[in-house]
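# Observations on chain architecture
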Amino acid sequence: MSNKGTLPRRNQAPKRSRRHQVAIVGAGPAGLGCAVALKEFGVDDVIILDRHEVGASFRRWPQEMRFITPSFTSNAFGLLDLNAIVPHTSPAYTLDREHPGGTAYAMYLDNVAQHFKLKVKPGIDVCAVTVEDNGTFTLTTSDRPVRARHVIWAAGEFQYPNRNSFAGAESCCHSSEVRTWRELEGDRFTVIGGYESAADAAVSLVQLGKNVTVLGRYATWDSEHPDPSISLTPFSRERLAWAGSTGSVNLVGGVDITSVRVDGDRWVVQASDGCEWVSETRPILATGFKGSLGHLDGLIEYDEDGAPVVTEEADESTLVPGLFISGPILAHRGVNFCFIYKFRQRFAIVADAIAQRLGKDTTEAVAAHRAVGMYLDDLSCCAESCAC
């Protein structure tokens, strides 16, 4: 009696992955915040993809770096913690600290993901996004393709530093590459940049007994603009003032750095007006981040300043319906939404648009989010200045 096995089928087409209602790229504050908002608007089929893990960017901060926006538990009085991404949560309460570091804040994000049972897929690198004729998105990943009716791009900026802002920049060290300022050898440092990353680098080095020269295109430390996206935050100003009181930091504003060249065991930093500074240690780039939108070439348009153009109604691509932007790269009317307390107010705007397209009644969810300051649909208020 013969024993006949089942022959394998050949040339069988691979199974087509099912289509999700929403795919979110990035498991940081923007990605998780949008996912929770979607759940509260009745949208449950949401998948979150991240090339590393929840809160990956924060886990890669320098150990000395702290949040420049303070955390304070104030939910009982109807005020949401500035660093919270979800109503009725508070990093201050969870972490018991006012200015958390990156690793601590990642713990808060982990708690949010677990509490709300978010479907996070770590270790999945999204390489490209394409859209089919029927409007379905296909995300090409390091694993298998992911298909979705809507995509929210929330991949952040920290892991995409701007390393090529001038000639010779490759010979410098970008601030995002530093895991702890204690690992840098030398006594005198040059920091190129004038915003928060530059201030944080300068203060951290002065605390270690180093001497620092900061070269900034703008003297943000002297700016009186009320928007901390344009001038330094009070937290940075206070710490920078302390560093200045030690006599160990030299702040030079109004210089446009055009090149860095290596001269033996020194680095020569040159400005557009011909001025030069000689650094005995590798210069530190605090020149910001280029962001992750390069993955969306052809799907997003940009304004003359290089900011992505999205609809005010839903932070949606003006070129491809169904593709939304969330996070620090968001800008409207020249106003940057680069702090958590700013861009979190748009999570529910995106969730509302998607939920309505899926036939959900969003009336109660909108009212609930508006009541806690998490539904900013009137952007005219974003241009107001402080009276005193």
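Cut-offs and rules
- Residues numbered from 1 in each chain as written.
- Predicted model: local features only at pLDDT ≥ 70, side-chain atom pairs only at ≥ 80, totals over all residues.
- Heavy atoms only, no water.
- Axes fitted to C-alpha atoms, helices over the stretch in contact; angles between N-to-C directions.
- Helix = DSSP H or I, 4+ residues; strand = E, 2+ residues; numbered from the N terminus.
- Parallel < 35°, antiparallel > 145°, perpendicular 65-115°, else oblique.
- Left-handed = near helix turned anticlockwise from the far one by under 90°.
- Contact = heavy atoms within 4.5 Å.
- Nonpolar A, V, L, I, M, F, W, Y, C, P; charged D, E, K, R; others polar.
- Core = buried A, V, L, I, M, F, W, Y, C linked by side-chain atoms within 4.5 Å.
- Buried < 20%, exposed > 50% of the residue type's maximum accessible area, 1.4 Å probe, protein only.
- Pairing = 2+ DSSP bridges.
- Phe/Tyr/Trp six-rings, centres within 6.5 Å; stacked < 30°, edge-to-face > 60°.

### With respect to the packing of helix α5 (residues 196–207) against helix α6 (residues 234–245)
Between α5 and α6, the shortest axis-to-axis distance is 9 Å and the interhelical angle comes to 40°. When the interaxial angle is binned, α5 and α6 end up oblique. Note on packing geometry: the crossing formed by α5 with α6 is left-handed. Taking contact as the criterion, the partners of Glu196, Ala199, Asp200, Ala202, Val203, Val206 and Gln207 in α5 are, on α6, Ser236, Arg239, Leu240, Trp242 and Ala243. Tallied by class, the residues present in the contact of α5 with α6 amount to 7 nonpolar, 2 polar and 3 charged.

### As for the nonpolar core
In terms of nonpolar packing, the biggest core is built from 80 residues, with Ile24, Leu32, Ile85 and Leu139 touching the most fellow members. Looking at this core, the element that brings in the most residues is helix α8 (residues 347–357), giving 8 residues. Discounting residues that sit within four places of it in the chain, Ile85 has contacts with Pro29, Leu32, Gly33, Tyr105, Tyr108, Leu109, Val112, Ile340, Phe347 and Met374. Formed by 22 residues, the second largest nonpolar core is a distinct cluster that contains Cys173, Leu184, Ala202 and Trp221.

### Points about the sheet that holds strand β14 (residues 284–285)
An order of β7-β14-β8-β9-β10 is seen for the 5 strands of this open sheet, with the pairing classed as parallel. Only two strands of the sheet have a single neighbouring strand rather than two, namely β7 (173–174) and β10 (249–252). Note: strand β8 (residues 188–192) against strand β9 (residues 211–215), 5 bridges, orientation parallel. Each residue of the ladder has a partner; that of Phe189, found in β9, is Val212.

### Quick word on the pairing of strand β11 (residues 257–263)
Note that β11 and strand β12 (residues 266–271) share 6 bridges and pair antiparallel. What sits directly across from Val262, in β12, is Trp267.

### With respect to the packing of aromatic side chains
Per the counting criterion, the structure on display carries 9 aromatic pairs. With 5.3 Å between their ring centres and 45° between their planes, Trp61 and Phe67 make a pair best called tilted. With centroids separated by 5.5 Å and ring planes inclined at 40°, the aromatic side chains of Phe158 and Phe289 adopt a geometry described as tilted. Of this pair, Phe158 sits in the loop between β6 (146–153) and β7 while Phe289 is found in the loop between β14 and β15 (301–302), placing the two residues 131 residues apart along the sequence. Exposure remark for Phe158: the relative accessible area of 14% places this residue in the buried category. Classification of Phe289 as partly exposed rests on a relative accessible area of 24%. Three or more aromatic residues joined by ring pairs make a cluster, and in this case those are Phe58, Trp61, Phe67, Tyr105 and Tyr108.

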